[in-house]
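Analysis of the macromolecular model
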Amino acid sequence: MTTAPSTTTDEAPQSPPSPAPSRNGWAPLRPLILRLHFYAGVLVAPFLLVAAVTGLLYAASFQVEKIVYAHELTVPAGERKLPVSEQVAAARQAHPEGTISAVRPSPEADATTRVLLSGVPGVDEGHTLAVFVDPYTAKVRGSLEQYGSTGALPLRTWIDEFHRDLHLGESGRLYSELAASWLWVISAGGLVLWFSRRRAQRKVRGTNGRRRTVGLHGSVGAWAAAGFFFLSATGLTWSAYAGATIDELRTSLGQATPSVSASAGGEHAGHGSAAGQAGDAAHGVGLDKVLAAARSEGLGDPVEIVPPADAKSAYVVKQVQRSWPEKQDSVAIDPASGEVMDVVRFADYPVLAKLTRWGIDLHTGVLFGLANQIALMLLALCLILLIVWGYRMWWQRGRGTAFGRPIPRGAWQQVPPQILVPLLAGVAVLGYFLPLFGIPLAVFLAVDILLGEIAYRRGRRTYGAGTPAR
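The following paragraphs examine the structure supplied in this document. (Residues numbered from 1 in each chain as written. Predicted model: local features only at pLDDT ≥ 70, side-chain atom pairs only at ≥ 80, totals over all residues. Heavy atoms only, no water.)

Comments concerning the overall build of the protein chain
We apply this condition: Strands are runs of DSSP state E lasting at least two residues, helices are runs of H or I lasting at least four, and both sets are numbered from the N terminus onward. In this scheme, a residue with accessible area under 20% of its type's maximum is buried, one over 50% is exposed, and one in between is partly exposed, where area comes from a 1.4 Å probe on protein chains only. Contacts between residues were defined by any pair of non-hydrogen atoms, one from each residue, lying within 4.5 Å. A 1.4 Å probe and the Shrake-Rupley method give the accessible areas. Residues count as covered only by the protein chains that appear here.
When helices and strands are counted, the protein chain shows 12 helices and eight strands. Split into buried and exposed, the 470 residues of the protein chain put 48% on the buried side. In the protein chain, the share of contacts with a sequence separation of at least 24, taken over all contacts with a separation of at least 6, comes to 63%. Summed over all atoms, the accessible surface of the protein chain reaches about 23400 Å², with 62% contributed by carbon and sulfur.

Overview of the pattern of salt bridges
How we decide: One side-chain nitrogen of Lys or Arg within 4 Å of one carboxyl oxygen of Asp or Glu is enough to make a salt bridge.
Inspection of the entire model under this criterion finds 11 salt bridges. The residue Arg156 makes a salt bridge to Glu65 at a minimum N-O spacing of 3.2 Å. With Arg156 in helix α4 (residues 154-165) and Glu65 in helix α1 (residues 29-68), this residue pair connects regions lying 91 residues apart in the sequence. Comparing Arg156 with Glu65, the two get one shared label, buried. Residue Arg357 pairs with Asp361 through a salt bridge whose shortest N-O separation is 2.9 Å.

Things to note about the packing of helix α6 (residues 209-236) against helix α9 (residues 351-364)
We apply this condition: Between N-to-C directions, angles cover 0 to 180 degrees, with each direction set by a line fitted to C-alpha atoms, over the stretch in contact for helices. Handedness of a crossing follows from how the near helix is turned relative to the far one, being left-handed for an anticlockwise turn of less than a right angle and right-handed for a clockwise one. Under the grouping applied here, Gly and all other residues not named as nonpolar or charged are polar, the nonpolar ones being Ala, Val, Leu, Ile, Met, Phe, Trp, Tyr, Cys and Pro and the charged ones Asp, Glu, Lys and Arg.
The interhelical angle for the contact between α6 and α9, taken along N-to-C directions, is 115 degrees, at an axis separation of 9 Å. α9 is crossed by α6, and the crossing has left-handed handedness. Between α6 and α9, the contacting residues are Phe230, Leu231, Thr234 and Gly235 on the first element and Gly359, Leu362 and His363 on the second. For the contact of α6 with α9, the residue count by class is three nonpolar, four polar and no charged.

Regarding the pairing of strand β3 (residues 128-133)
How we decide: A pair of strands is labelled paired if DSSP reports no fewer than 2 bridges between them.
The element β3 is extensively covered by neighbouring structure, given that six of its six residues are classed as buried. Here β3 shows a buried face lined by Thr128, Ala130 and Phe132 and a second buried face lined by Leu129, Val131 and Val133. As judged from the five bridges shared by strand β2 (residues 113-118) and β3, these two strands associate in the antiparallel manner. Of the residues in β3, the one forming a bridge with Arg114 is Phe132. Two strands pair when backbone bridges link them, and β3 and strand β4 (residues 140-146) are joined in this way by six bridges, in the antiparallel orientation. Bridge pairing in β4 links Phe132 to Gly142. Taken together, β3 and the strand that follows it, β4, pair antiparallel across an intervening segment of six residues, in which Ala138 is found at a positive phi of about 65 degrees.

Comments concerning α9
Quick note on the threshold: Expected span, for any helix, means 1.5 Å times one less than how many residues it has.
The end-to-end C-alpha distance of α9, which contains 14 residues, comes to 20 Å, matching closely the 20 Å that a straight helix rising 1.5 Å per residue would cover. Along α9, the residues that are buried comprise Ala353, Lys354, Thr356, Arg357, Gly359, Ile360, Asp361, His363 and Thr364. In this structure, the buried side of α9 is in contact with α1, α6, α7 (242-252) and α10 (369-396). Gly365 sits one or two residues past α9 and shows a positive phi near 85 degrees.

Considerations on the packing of aromatic side chains
To keep it simple, the criterion reads: Between 30 and 60 degrees the pair is tilted, below 30 it is stacked and above 60 it is edge-to-face, where a pair is any two Phe, Tyr or Trp rings, Trp via its six-membered ring, whose centres lie within 6.5 Å. We call a charge positioned above a ring when the Lys NZ or Arg CZ atom is no farther than 6 Å from the ring centre and deviates by at most 35 degrees from the ring normal.
Counted according to the given criterion, the structure contains 13 aromatic pairs. Between Phe38 and Tyr39 the ring centres are 5.1 Å apart and the planes differ by 75 degrees, which places this aromatic pair in the edge-to-face class. Positioned over the ring face of Phe346 is Lys354, at 6.0 Å from the centre of the ring.

Structural notes on the side chain of Thr157
In this fold, Thr157 is placed in helix α4. Accessibility expressed as a relative area gives 5% for Thr157, which makes it buried. Among all residues touching Thr157, those that are not within four sequence positions of it are His127, Tyr147 and Ala152.

Comments concerning helix α3 (residues 84-94)
To be explicit about the condition: Directions pointing from the helix axis toward each C-beta atom define the arc.
Every buried residue of α3 is listed here: Val84, Gln87, Val88, Ala90 and Ala91. One side of α3 holds all its buried residues, which, seen down the axis, span an arc of 155 degrees. At its buried positions, α3 is contacted by β1 (99-104), β2, β3, β4 and α8 (287-296).

Thoughts on the environment of Phe230
Mapped onto the elements of the fold, Phe230 is located in helix α6. According to the relative accessible area criterion, Phe230 is partly exposed, its value standing at 26%. Dropping the residues within four chain positions of it, Phe230 is found in contact with Gly359, Leu362 and His363.

Re the pairing of β1
The buried fraction of β1 is high, at five of six residues. Examined bridge by bridge, β1 and β2 share five bridges and lie antiparallel to one another. Within β2, the position partnered with Val103 by the bridge is Val115.

Things to note about the nonpolar core
Here is the rule we go by: What we call a nonpolar core is a set of buried Ala, Val, Leu, Ile, Met, Phe, Trp, Tyr and Cys residues that are connected through their side-chain atoms within 4.5 Å.
Ranked by size, the top nonpolar core spans 36 residues in total, and within it Leu48, Trp182, Leu183, Ile186, Phe228, Leu383 and Phe437 carry the most contacts. Elements represented by at least two residues in this core include exactly α1, α5 (173-196), α6, α10 and α12 (435-457). With 10 residues, α1 is the largest single contributor of residues to this core. Setting aside anything within four residues of it in sequence, one finds Phe437 in contact with Ser181, Trp182, Val185, Val427, Leu430 and Gly431. Grouped together as the second largest cluster of nonpolar side chains are 24 residues, Val84, Val88, Val115 and Val303 included.

By themselves, these figures tell us nothing about what the structure is for.
Here's what the structure looks like:
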């Protein structure tokens, strides 16, 4: 991050030889925002580029999955579906390994039933083996590893995990949280810089060289900024550190996502992790009566039946439709009597719980189906183009043999204390709640100050106006 002597460019901070005090207290912030936007873009852009490319692939994977796994997912529509218990029995006959963790009855006339098995040798931890059964003939059409509540199959799972953690596990999640933590900062800075330019400087038509690159970068960034803010906010809701903070905040405000009680004794203890534990699909009254009881409570397809986790637990039947309108109602059913013991309606969720659910589903491309996925692909493409143009602008800032000259230092010294002090306090608070924003920013400042002092001692330190420090 060494600094070359300042030269006037389209974006370099400029000032007259004898600057007069600005009447606008926010005007001095522009060079500071420009410097932050520049360095954040240069250093964080590689992480954003990976997130954008894998996000684009993930949005497309929903439709590709339907083609690649068409044999397992679809069947010719018949006249009458067999009882769920018969379909499960057929799946268990073909795959006696593991235990049944859930059953997803065929939700449509041409869709297969999924019997999910946990603890199967060779299946990754946290994943299940999905056995696909023809609901009309009980013929097993195949089995595939499945992950997540949206029922991702191997292709989409691979892309999803690459997007989320680069296949590096929990430590890899830091990359995606870093990208989400900085995307909104870079977008906000870009908006300020773009709209602080004179209208004539924002034109793209009739321009060339660096000015055209700046125009394309700013125009597309301004149009896509709202989408970037959304992706950043929703991405943070299930990140490692910021996500935990958000969950704690929601819980403290009484806005946590409710869960149906799975206690056969009727106490509302919450079903916790029962869905991921071993169960017995034939326990008590059986799957068919359990499903009928859930239907009587208005739970339409698609649904998932979770067998009792132990002798003291109930069946849990929950709707799993993430497309609009959301179907997320759930019921607990006594395995001995088949009576409904507890009901949780999505309509009764707290506001923040609903917003979180909608935000995540919109982020993952399931809320509005194909239209949602196309919009996400366009956003990802915009982000890729912005990163390419951003690096091109950096290249074009060079003169002769100088490549990618950084923005001159000292912009913060031009900011009035009454603005700078509250700004620093706000950044410190934000950095505390978003550690993958605060820690890199602190490291950048420390390194930048150190390099500045080294340049100063060598007599090469320059500031926003191009004036050497004294």
